[in-house]
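# Secondary and tertiary structure notes
Chain by chain, the residues run as shown.
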Amino acid sequence: MTSLVPVLHSEWLKIRSVRSQCVTLSAVFVATTCFSVLMCATVGAEEAAEAGFDPVRASFFGLNFGQIAAICFGSIAVAGEYRAGAIRVSLTAVPRRGMFYRAKLTVVGLLALAVGLVTSATCFALGQAALGDRGVSIGTPGALRAVVGCGLYLALITLFAAGLAAVLRSAPAVMGILIPFLLMLSFVLGDVSQGGGWVDFLPDRAGQQILLQNPDGPLNAWTGTGVLVLWVAAALWVGGRRLARRDA
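Everything numeric in this text was worked out from a predicted model, so none of it was measured.

## Some points on the overall build of the chain
Along the chain, the regular secondary structure elements total 11 helices and zero strands. Helices and strands in the chain line up, N terminus first, as α-α-α-α-α-α-α-α-α-α-α. The principal-axis extents of the C-alpha atoms in the chain amount to approximately 60 × 35 × 25 Å. Residues classed as buried in the chain amount to 48% of the 248 residues present.

## Here we look at the packing of aromatic side chains
Summed over the entire model, instances satisfying the criterion amount to four aromatic pairs. Seen from their ring centres, Phe181 and Trp231 are 5.9 Å apart, and the 50° between their planes marks the pair as tilted. Taken as a pair, Phe181 in helix H9 (residues 171-192) and Trp231 in helix H11 (residues 221-245) lie far apart in primary sequence, 50 residues in all. For Phe181, a relative accessible area of 21% gives the class partly exposed. Residue Trp231 is classed as partly exposed on the basis of its relative accessible area, which comes to 31%. In this structure an aromatic cluster arises from ring pairing among Phe35, Phe61 and Phe65.

## Some thoughts on the nonpolar core
One finds Phe60, Ile71, Leu178 and Val232 to be the most contacted residues of the largest nonpolar core, which totals 58 residues. Contributions of two or more residues to this core are made by helix H1 (4-17), helix H2 (19-41), helix H5 (63-79), helix H6 (86-93), helix H7 (97-131), helix H8 (143-168), H9 and H11. The dominant element in this core, judged by the number of residues it contributes, is H8, at 15 residues. Every residue in contact with Ile71, bar those within four places of it in the chain, is listed here: Ile157, Ala161, Met175, Leu178, Ile179 and Leu182.

## Description of the confidence of the model for the chain
When pLDDT is averaged along the chain, the result is 89, and 94% of the positions lie at 70 or above. The spread of mean pLDDT over the elements of the chain runs between helix H3 (residues 45-49), the lowest at 76, and H8, the highest at 96. For residues 191-195, every residue scores under 50 in pLDDT, and the model assigns this stretch two contacts once sequence neighbours within four places are set aside.

## Re empty space enclosed by the protein
Summed over all chains, the structure comprises two cavities of 30 Å³ or more. What the largest cavity holds in volume is close to 50 Å³. Forming the boundary of the largest cavity are Val78, Tyr82, Ile87, Phe100, Tyr101, Lys104, Ala166 and Leu243. At three residues, the largest contribution of residues to the lining of the largest cavity is made by H7. Tallied by class, the residues present in the lining of the largest cavity amount to seven nonpolar, no polar and one charged. There is about 30 Å³ of room inside the second largest cavity.

Calculation criteria
Residues numbered from 1 in each chain as written. Predicted model: local features only at pLDDT ≥ 70, side-chain atom pairs only at ≥ 80, totals over all residues. Heavy atoms only, no water. Helix = DSSP H or I, 4+ residues; strand = E, 2+ residues; numbered from the N terminus. Buried < 20%, exposed > 50% of the residue type's maximum accessible area, 1.4 Å probe, protein only. Phe/Tyr/Trp six-rings, centres within 6.5 Å; stacked < 30°, edge-to-face > 60°. Core = buried A, V, L, I, M, F, W, Y, C linked by side-chain atoms within 4.5 Å. Contact = heavy atoms within 4.5 Å. pLDDT = per-residue confidence, 0-100. 1 Å grid on protein atoms, 1.4 Å probe; cavity = no way out; pocket = protein on both sides within 12 Å on 5 of 7 lines; lining within 4 Å. Points joined across faces, edges and corners; volume = space filled by probe spheres on them. Nonpolar A, V, L, I, M, F, W, Y, C, P; charged D, E, K, R; others polar.

This is the structure:
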């Protein structure tokens, strides 16, 4: 194959025909939405009156759970090729490894972005409805940016996992490293460090600045996203090099 279009189509068919990938992608929406709405529904008047309460960020509380499914989707989509030697068939059909890698990442990233944007819009609408008169509208400063940013964050985390899967060639290994890294490391380090400092440049801390109505710390909404993009780009570059240099 010399054209990218049929390779993109084949990658789309692979994902659509594998139940585990469809389930994990659906779980991104379900987990993020359910936990976000539950969080907003349990916010009381006293909590909403606190100075640090952010009604915009509250709508995306479930992102902490939804990103687990995003990691699973990204890692399975890439590392699944190495089960039972399927990667050899794929590279026989598409011997240009760079094209194969770009096509897979494009399909994985676009699917994650589409699901992420639908998820974020749903979370915001239902979350603000659950908050009632304590909620805000999409026209509130920072609200629309957060909705778009949530979808972008989920897509980037998915690609982060995909890049690591190309390096490690094992979905369980990627999940075992990335899930604790994103869910626990910055939380623990953030608790023991006074002002955050370099902890704010960890991928989840930096990327989630875009979800805050009024971001604080050394990074704002878009510079934080830029830091996450650098993490993702590094993982994808290393993954691409490993695919190009190592035998299937």
